[in-house]
Amino acid sequence: MVMLALWAGSPAQPETAGGTPAKTGAAGHRGAARADPAAGERMGPRSGPGKGMTTMQKDMTRRLVEIGVRSALTQCGGSPGRAVRNLVDLGLTFSRGQLQRQLLTTIQTLLGNPDSAYYPLIRDVVANTDTDRLVRFGVNVGYESCSKGARRLRTVEEEQGFHMPWALGLTVDGSRPAAGLPRWQEVIRQANALGVHTFLLDARGDAALAAALPGCAEESAFALFLSGSLVTPALVERLQSSPNVLPAVRLDGSAPAACARLRKARFPYAVWDCYRSGEGILDGRWLESLLPLHPILAVLRAEEGCPDDVRQAVTRCLRDVRKEQRYPVVAMELRQDLLWIDEMISQGQAAAWFDAEGEMHTADGPRPGCNLFAGSLADSFRRALPRAVPAR
């Protein structure tokens, strides 16, 4: 349901003049650009007229989308098929982009299957997940990131000179005193100003620092990747005030207890793992092993050095699983599916993340000299992923 809310909540996905994604640049990354943070979306209250109101409170389009998504979710318990069709109809009503309409039409076709495993998933999610969390996370990804944020990305990429992904990966190490909450708040603010509203947080050490970030940007969506041992009662309590976070629990010995704790607290959550080969994945055993944990998403992340042919085989397998609707869980290969979304959102593809030391990594590997703690986010992308600015 989160994935459907994502696309239903994207009323104006931008695309190129011909209705198709622009070609990837020479470096294999999508173009984005530096923006004046003052011109971007701010977190919290603004000065001037309407002081004290957040941008989310003043965004009427967002409010209309939230109402439609919430209404569809309330219908899911009795008739998930009808509710999903209503969500898709909502998305088609607001959509202006050809690619987005194609995707929603595909969803319509797929869910014409009355035996789809996604219907039991939807019933389970609605019965065991807080509606406000589903709405906030889904609309923050679908509307703030893939619609409004994407428009911002396209604007800056046409004017400035560096590439930028639509979703940003950050390794947040709670044991690093030099990178405390104020510094991370500034990173999120800078990313928001550039049009980025989806963050993949890899929690290391004390997870309290990473868990504090979603509360700093209520219009953004945060996927919090962590081991099950870090999902303590204290962490769950801390996350209660942040409906824009989706915890992702690593599939290990501590995962069952962690997932049970999140389910009891009515959180939407994912299960993730790393892979270096297709063993256990291509034959479906990995997905079957996690079904008793009741995640919404099943996410695979390739280990460093994973052969490209293995990555491609796993990606094809998971996309076939989604197309055939075999399991009551949405399966993803993290990097490849994020790039797929990125290509639909804007020109080409881009991927980037920062490790615990603040060093930048892209699809081409580490980028020396681009450190999150030594300069601005825009400076890192300008050095690592330069892009020619069109002549005026």
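Residues numbered from 1 in each chain as written. Predicted model: local features only at pLDDT ≥ 70, side-chain atom pairs only at ≥ 80, totals over all residues. Heavy atoms only, no water.

A.B. asks: Honestly, the pattern of salt bridges in this entry has me stumped. Any pointers?
C.D. replies: Here the idea is simple: oppositely charged side chains can pair when their charged atoms come close. Considering all chains together, one arrives at 15 salt bridges under this definition. Residue Asp273 pairs with Arg250 through a salt bridge whose shortest N-O separation is 3.3 Å. Of the two residues, Asp273 is situated in strand 7 (residues 270–275) and Arg250 in strand 6 (residues 245–250); the sequence distance between them amounts to 23 residues. You can call Arg250 partly exposed: its relative accessible area is 29%. Between Arg322 and Asp337 there is a salt bridge whose closest N-O contact spans 3.1 Å. With Arg322 in helix 13 (residues 308–324) and Asp337 in helix 14 (residues 334–345), this pair connects stretches of sequence that are 15 residues apart. Of the two residues, Arg322 and Asp337, neither departs from the other in class, the shared state being buried. The structure contains a network of salt bridges with shared partners spanning Arg62, Arg63, Glu66, Glu144 and Lys148. (Salt bridge = Lys/Arg side-chain N within 4 Å of Asp/Glu carboxyl O. Helix = DSSP H or I, 4+ residues; strand = E, 2+ residues; numbered from the N terminus. Buried < 20%, exposed > 50% of the residue type's maximum accessible area, 1.4 Å probe, protein only.)

A.B. asks: Looking at this model, I keep getting lost on the pairing of strand 7. Mind explaining?
C.D. replies: Side chains on a regular strand alternate between the two faces of the sheet. Most of strand 7 is tucked away: 5 of the 6 residues are buried. Note: strand 6 against strand 7, 3 bridges, orientation parallel. Within strand 7, the residue paired with Val249 across the bridge is Val271. The β-α-β motif built from strand 6, the intervening helix 11 (residues 255–264) and the parallel element strand 7 has right-handed crossover chirality. Summarising the sheet, strand 7 and strand 8 (residues 297–302) pair through 6 bridges and their orientation is parallel. Pairing of Cys274 across the sheet is with Arg301, part of strand 8. (Pairing = 2+ DSSP bridges. Right-handed = clockwise from strand over helix to strand, strands pointing away.)

A.B. asks: I'm lost on the side chain of Ser116 in this one. Help?
C.D. replies: Tracing the chain through its elements places Ser116 in the loop between helix 5 (98–110) and helix 6 (118–128). Looking at Ser116, the relative accessible area reads 3%, which means it is buried. Only 3.0 Å separates the side chain of Ser116 from the backbone nitrogen of Tyr118, close enough to count as a polar contact. (Polar contact = N/O pair within 3.5 Å; in protein donor to acceptor, adjacent residues only side chain to side chain.)

A.B. asks: Would you take a moment to explain unusual backbone geometry for this structure?
C.D. replies: The bulk of non-glycine residues show a negative phi, and the bulk of peptide bonds are trans. Not every positive phi belongs to a glycine, and Arg266 is a case in point at roughly 65°. For Arg266, the location among the structural elements is in the loop between helix 11 and strand 7. The phi angle at His294 is positive, at roughly 60°, despite the residue not being glycine. Counting through the fold element by element, His294 comes out in the loop between helix 12 (285–290) and strand 8.

A.B. asks: Where do I start with helix 11 in this structure?
C.D. replies: An α-helix turns once per 3.6 residues; consequently, residues spaced three or four apart project the same way. For helix 11, the complete set of buried residues consists of Ala255, Ala258, Cys259 and Leu262. The arc that holds every buried residue of helix 11, seen down its axis, measures 95°, which confines them to one face. On its buried side, helix 11 packs onto helix 10 (233–239), strand 6 and strand 7. Once helix 11 finishes, Arg266 follows within two positions and takes phi at roughly 65°, a positive value. (Arc of directions from axis to C-beta. Contact = heavy atoms within 4.5 Å.)

A.B. asks: Help me understand the sheet that holds strand 11 (residues 359–362), please; the structure alone is not making it clear to me.
C.D. replies: The pairing of strands in a sheet comes from backbone hydrogen bonds and takes either a parallel or an antiparallel form. Pairing in this open sheet of 10 strands is mixed, and the strands run 9-8-7-6-5-4-3-10-11-12 from one edge to the other. Since the sheet does not close on itself, it has two edges, and those belong to strand 9 (330–333) and strand 12 (365–371), each with one partner. The sheet shows a mean angle of 25° between the axes of neighbouring strands, direction not considered. Here strand 10 (residues 352–354) pairs with strand 11 via 3 bridges, running antiparallel. Of the residues in strand 11, the one forming a bridge with Ala352 is Thr362. The sheet strands contacting helix 8 (residues 181–193) are strand 3 (167–173), strand 4 (198–204) and strand 5 (221–226), and the helix crosses strand 3 at an angle near 175°. (Axes fitted to C-alpha atoms, helices over the stretch in contact; angles between N-to-C directions.)

A.B. asks: Mind showing me how you'd approach the packing of helix 13 against helix 14 here?
C.D. replies: In a pair of packed helices, the angle between the axes and the distance between the axes together describe the arrangement. The geometry of helix 13 relative to helix 14 is characterised by a closest axis approach of 9 Å and an angle of 70° between their N-to-C directions. Between helix 13 and helix 14, the crossing angle belongs to the class labelled roughly perpendicular. Classified by chirality, the crossing of helix 14 by helix 13 is right-handed. In this structure, helix 13 uses Arg311, Gln312, Thr315, Arg319 and Arg322 to contact helix 14, whose residues at the interface are Arg335, Gln336, Asp337 and Trp340. The residue inventory of the contact of helix 13 with helix 14, partitioned by class, reads 1 nonpolar, 3 polar and 5 charged. (Parallel < 35°, antiparallel > 145°, perpendicular 65-115°, else oblique. Left-handed = near helix turned anticlockwise from the far one by under 90°. Nonpolar A, V, L, I, M, F, W, Y, C, P; charged D, E, K, R; others polar.)

A.B. asks: I would appreciate a short explanation of the nonpolar core in the present structure.
C.D. replies: Within soluble globular proteins, side chains that are nonpolar tend to cluster in buried spots. Membership of the largest hydrophobic core comes to 99 residues, with the highest contact counts inside it found for Leu170, Leu287 and Phe381. Ranked by residues supplied to this core, first place goes to helix 7 (residues 131–159) with 9 residues. Excluding residues that lie within four positions of it along the chain, Phe381 makes contacts with Phe162, His163, Met164, Pro165, Leu168, Ala352, Phe354, Met360 and Pro386. (Core = buried A, V, L, I, M, F, W, Y, C linked by side-chain atoms within 4.5 Å.)

A.B. asks: Explain the environment of Ala72 here, please?
C.D. replies: Along the polypeptide, Ala72 turns up in helix 3 (residues 60–75). What makes Ala72 buried here is its relative accessible area of 3%. Taking the C-alpha atoms as reference, Ala72 lies 8.5 Å from Arg82; in sequence the two are 10 residues apart.

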